[in-house]
Amino acid sequence: MSFVVETRTVDGRPTAVGSAGSYTLVVDRPVEAGGGGLGFNGGQLLCLAVAGCVSNDLFREADVMGITLHRVAVRVSGGFAGDPAVSTPISYGVELSGDAPQERLRDLVAHVDRIAEIPNSLRAGTEVSLDAMNLTSTA
């Protein structure tokens, strides 16, 4: 499985629309950092990627285990430090309810923690590379 996502700025401002196929969200900088404060910043998106992956995987793996989940909440904390800034450690917590005993729910969460793609990619230090530039000067 591979993905292509894109951001495009709106009216020459930092605010951008991020898209993946027909799905969109707003990406922006905080007002105090020169943005419009209208959407997620990059650090929030990194944490949201962890939360979304864990949530999705909980439902997928619960289905495999024959467990029906009624509610899942994933809270992720992280930040950036240094110059250039890099991610500080990311941690997350899971709150869920389902139709299985607590021990099976605990096993489900532990299993997902071991196999979730985004947390494991971060743990392994996925390589990121710049592979293209298309520049237009208006100077």
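Keep in mind that what you see is a predicted model, and the values were worked out from it rather than measured.

Turning next to the pairing of strand 1 (residues 6-9). Direction of pairing for strand 1 relative to strand 2 (residues 16-20): antiparallel, over a ladder of four bridges. Considered in strand 2, the bridge of R8 is made with V17. The turn joining strand 1 and strand 2, which pair antiparallel and follow one another in sequence, is formed by six residues; a positive phi near 55° is taken by D11.

This part is about the nonpolar core. With 17 residues, the main nonpolar core has V54, L58 and L69 as its most contacted residues. Where this core is concerned, the elements lending two or more residues are helix 1 (42-65), strand 4 (69-77) and helix 2 (102-115). If you tally residues by element for this core, the top one is helix 1, at seven residues. The residues touching L58, leaving out its near neighbours within four places in the chain, are L69, V72, V94, L96, L108, V109 and V112.

Axes are the key here: two packed helices are described by the angle between their axes and the distance separating the axes. Contact geometry for helix 1 and helix 3 (residues 117-124): axes closest at 7 Å, N-to-C directions at 130°. The angle between helix 1 and helix 3 places the two elements in the oblique class. The segment helix 1 lies against helix 3, with L46, A49, V50, C53, V54, D57 and R60 engaging E117, I118, P119 and L122. Here the contact of helix 1 with helix 3 is composed, by residue class, of eight nonpolar, no polar and three charged.

With that settled, consider helix 1. Between its first and last C-alpha, helix 1 extends 34 Å over 24 residues, near the 34 Å set by a 1.5 Å rise per residue. Of the positions making up helix 1, those classed as buried are G43, C47, V50, A51, C53, V54, D57, L58, E61 and A62. Against the buried residues of helix 1 lie strand 4, strand 5 (80-81), strand 7 (91-98), helix 2 and helix 3. Sitting at the head of helix 1, N41 places a side-chain oxygen 3.0 Å from the backbone nitrogen of G43. Just past helix 1, the residue G66 takes up positive phi, approximately 75°.

Its boundaries defined by the atoms lining it, the largest pocket holds a volume of some 950 Å³. Lining the largest pocket we find 23 residues, and of these F3, V5, A20, A49 and I118 sit closest to its centre. Among the elements of the structure, strand 1, strand 2, strand 3 (23-27), helix 1 and helix 3 are those that each provide at least two residues to the lining of the largest pocket. No other element matches helix 1, which puts eight residues into the lining of the largest pocket. Residues that form the lining of the largest pocket fall into these classes: 13 nonpolar, six polar and four charged. Volume-wise, the second largest pocket comes out at about 440 Å³. Around the second largest pocket, the lining residues are L45, L46, A49, E117, I118, S121, L122, G125, T126, E127, V128 and S129. Those elements that place two or more of their residues in the lining of the second largest pocket are helix 1 and helix 3. With four residues, the top contributor of residues to the lining of the second largest pocket is helix 3. A breakdown of the residues in the lining of the second largest pocket according to their chemical character gives six nonpolar, four polar and two charged.

About the criteria used
Residues numbered from 1 in each chain as written. Predicted model: local features only at pLDDT ≥ 70, side-chain atom pairs only at ≥ 80, totals over all residues. Heavy atoms only, no water. Pairing = 2+ DSSP bridges. Helix = DSSP H or I, 4+ residues; strand = E, 2+ residues; numbered from the N terminus. Core = buried A, V, L, I, M, F, W, Y, C linked by side-chain atoms within 4.5 Å. Buried < 20%, exposed > 50% of the residue type's maximum accessible area, 1.4 Å probe, protein only. Contact = heavy atoms within 4.5 Å. Axes fitted to C-alpha atoms, helices over the stretch in contact; angles between N-to-C directions. Parallel < 35°, antiparallel > 145°, perpendicular 65-115°, else oblique. Nonpolar A, V, L, I, M, F, W, Y, C, P; charged D, E, K, R; others polar. Expected span 1.5 Å × (residues − 1). Polar contact = N/O pair within 3.5 Å; in protein donor to acceptor, adjacent residues only side chain to side chain. 1 Å grid on protein atoms, 1.4 Å probe; cavity = no way out; pocket = protein on both sides within 12 Å on 5 of 7 lines; lining within 4 Å. Points joined across faces, edges and corners; volume = space filled by probe spheres on them.

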